[in-house]
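# Remarks on the overall topology
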Amino acid sequence: MTDPNLTAKRREEEKEQRRQSILDAAERGIALKGFDGLTMGDVAKEARLSRGLVYFYFQDKVDLFNGLAHRAIVELVDRFEEAVARHDAGHAQIKAIGQAYIQFAHSRPVPFAALARFETRQLNPKEVDHHAAAALQETKATLQVMMRAIQTGQADGSVRESLDPLMTAVSLWGFIHGMIQVAAMKGAMFEQNFGFDTSALMEHAFEMAGLALSPS
């Protein structure tokens, strides 16, 4: 006799696999056509599914892009936690988080772009769809990783004790995210007009942030 619990679990796993395959198809489509050029029909064709099935999982393009943003933030949290685990001192953990963010932006441009689009939208947490709510919740997880690193640094003396961990985490998030976008959009101009490349710019930005965090 078939165990109904196992059957239900298998169905949920199949649904999640199909949802992920739709997101994979959307990423490939965006890489070719961009966010604005992509249609739900393109996603269905790329995923080899019917349009109706794609709409079953994502009600429209906004919902689909929210799903991409949520998945991107989940991946980012994993990268942050792996970066923190490689260091003992809080100050070093924070720098490693920043470097992990830069690596994510370079190696995963479509998910980073989906995250950037999501971050620029003004959302009311009480009125968002399922995928947007999940992305907002996961954003809290990234801040929690950063807060723990800051608190570790305050405990080991590598980060100023007077800093509020939450506000510092939010500030660092905005600083790193903004610097990545500035480097991506204006990097060529800086190199041509001022003679420094984006790697030098990012290193200088990290030095500034490090000085702001240090006790002395």
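Each remark here, short or long, concerns the structure printed above.
Below or above, wherever it landed, is the structure these notes cover. Worth saying up front: this structure is predicted, and the values here are computed from it rather than measured.

For the chain, the count of helices and strands is nine helices and zero strands. The order of α-helices and β-strands along the chain, N terminus first, is α-α-α-α-α-α-α-α-α. Here the C-alpha coordinates of the chain stretch approximately 65 × 50 × 30 Å along the principal axes. By residue count, 43% of the 216 residues in the chain fall in the buried class.

Counting 43 residues, the largest nonpolar core has Phe80, Tyr101 and Ile180 as the members making the most contacts within it. The set of elements that each furnish at least two residues to this core consists of α4 (61–85), α5 (90–107), α6 (109–120), α7 (130–156), α8 (165–194) and α9 (198–213). Not counting residues up to four positions away in its chain, the partners in contact with Ile180 are Tyr101, Ile102, Ala105, Phe112 and Met202. Residues Leu38, Phe58, Val110 and Ala114 belong to the second largest nonpolar core, which totals 19 residues.

The subject of this paragraph is the packing of aromatic side chains. All chains considered together, the criterion is met by eight aromatic pairs. Ring plane angle 20° and centroid distance 6.4 Å describe the contact between Phe194 and Phe196, whose orientation is recorded as stacked. Since its relative accessible area comes to 55%, Phe194 is described here as exposed. Here a set of aromatic residues connected by ring pairs shows up, and it is made of Phe80, Tyr101, Phe112 and Trp173.

For the rest of this paragraph, the subject is the layout of surface pockets. In this structure, the largest pocket spans a volume of roughly 230 Å³. In terms of lining residues, the largest pocket is bounded by Ile102, Ala105, His106, Phe112, Ile180, Gln181, Ala183, Ala184, Met185, Thr198, Ser199 and Met202. Of all the secondary structure elements, the ones that give two or more residues to the lining of the largest pocket are α5, α8 and α9. Top element by residues in the lining of the largest pocket is α8. It accounts for five residues.

On to α9. For α9, which comprises 16 residues, the first-to-last C-alpha distance of 22 Å matches the rise-based estimate of 22 Å (1.5 Å per residue) to within 8%. Taken together, the buried positions of α9 are occupied by Leu201, Met202, Ala205, Phe206, Ala209, Gly210 and Leu213. Along its buried surface, α9 packs onto α5 and α8.

Residue position: Asp36 is located in helix α1 (residues 4–37). Once the C-alpha coordinates of Asp36 and Lys61 are considered, the two residues, 25 residues apart in sequence, prove to be 9.5 Å apart. In this structure Asp36 touches Lys61 and Arg117, once residues within four positions along its chain are discounted.

This part is about the packing of α5 against α9. One can describe the packing of α5 onto α9 by two numbers: an axis separation of 11 Å at closest approach and a directional angle of 150°. Judged by the angle between their axes, α5 and α9 are roughly antiparallel. In terms of crossing hand, the pair formed by α5 and α9 is right-handed. Across the interface between the two elements, His91, Ile94, Lys95, Gly98, Gln99 and Ile102 from α5 touch Met202, Glu203, Phe206, Gly210 and Leu213 from α9.

Bringing α5 into the picture now. Between its terminal C-alpha atoms α5 stretches 25 Å, which fits the 26 Å expected from 18 residues at 1.5 Å a residue. Buried within α5 we find Gly90, Gln93, Ile94, Ala96, Ile97, Gly98, Ala100, Tyr101, Ile102, Phe104 and Ala105. Where α5 is buried, its residues touch α4, α6, α7, α8 and α9.

With respect to the helices and strands, the residue Thr168 is situated in helix α8. Note on Thr168: relative accessible area 11%, which makes it buried. Residue contacts for Thr168: discarding those within four places in its chain leaves Ile150, Leu163 and Leu213.

The rules behind the values
Residues numbered from 1 in each chain as written. Predicted model: local features only at pLDDT ≥ 70, side-chain atom pairs only at ≥ 80, totals over all residues. Heavy atoms only, no water. Helix = DSSP H or I, 4+ residues; strand = E, 2+ residues; numbered from the N terminus. Buried < 20%, exposed > 50% of the residue type's maximum accessible area, 1.4 Å probe, protein only. Core = buried A, V, L, I, M, F, W, Y, C linked by side-chain atoms within 4.5 Å. Contact = heavy atoms within 4.5 Å. Phe/Tyr/Trp six-rings, centres within 6.5 Å; stacked < 30°, edge-to-face > 60°. 1 Å grid on protein atoms, 1.4 Å probe; cavity = no way out; pocket = protein on both sides within 12 Å on 5 of 7 lines; lining within 4 Å. Points joined across faces, edges and corners; volume = space filled by probe spheres on them. Expected span 1.5 Å × (residues − 1). Axes fitted to C-alpha atoms, helices over the stretch in contact; angles between N-to-C directions. Parallel < 35°, antiparallel > 145°, perpendicular 65-115°, else oblique. Left-handed = near helix turned anticlockwise from the far one by under 90°.

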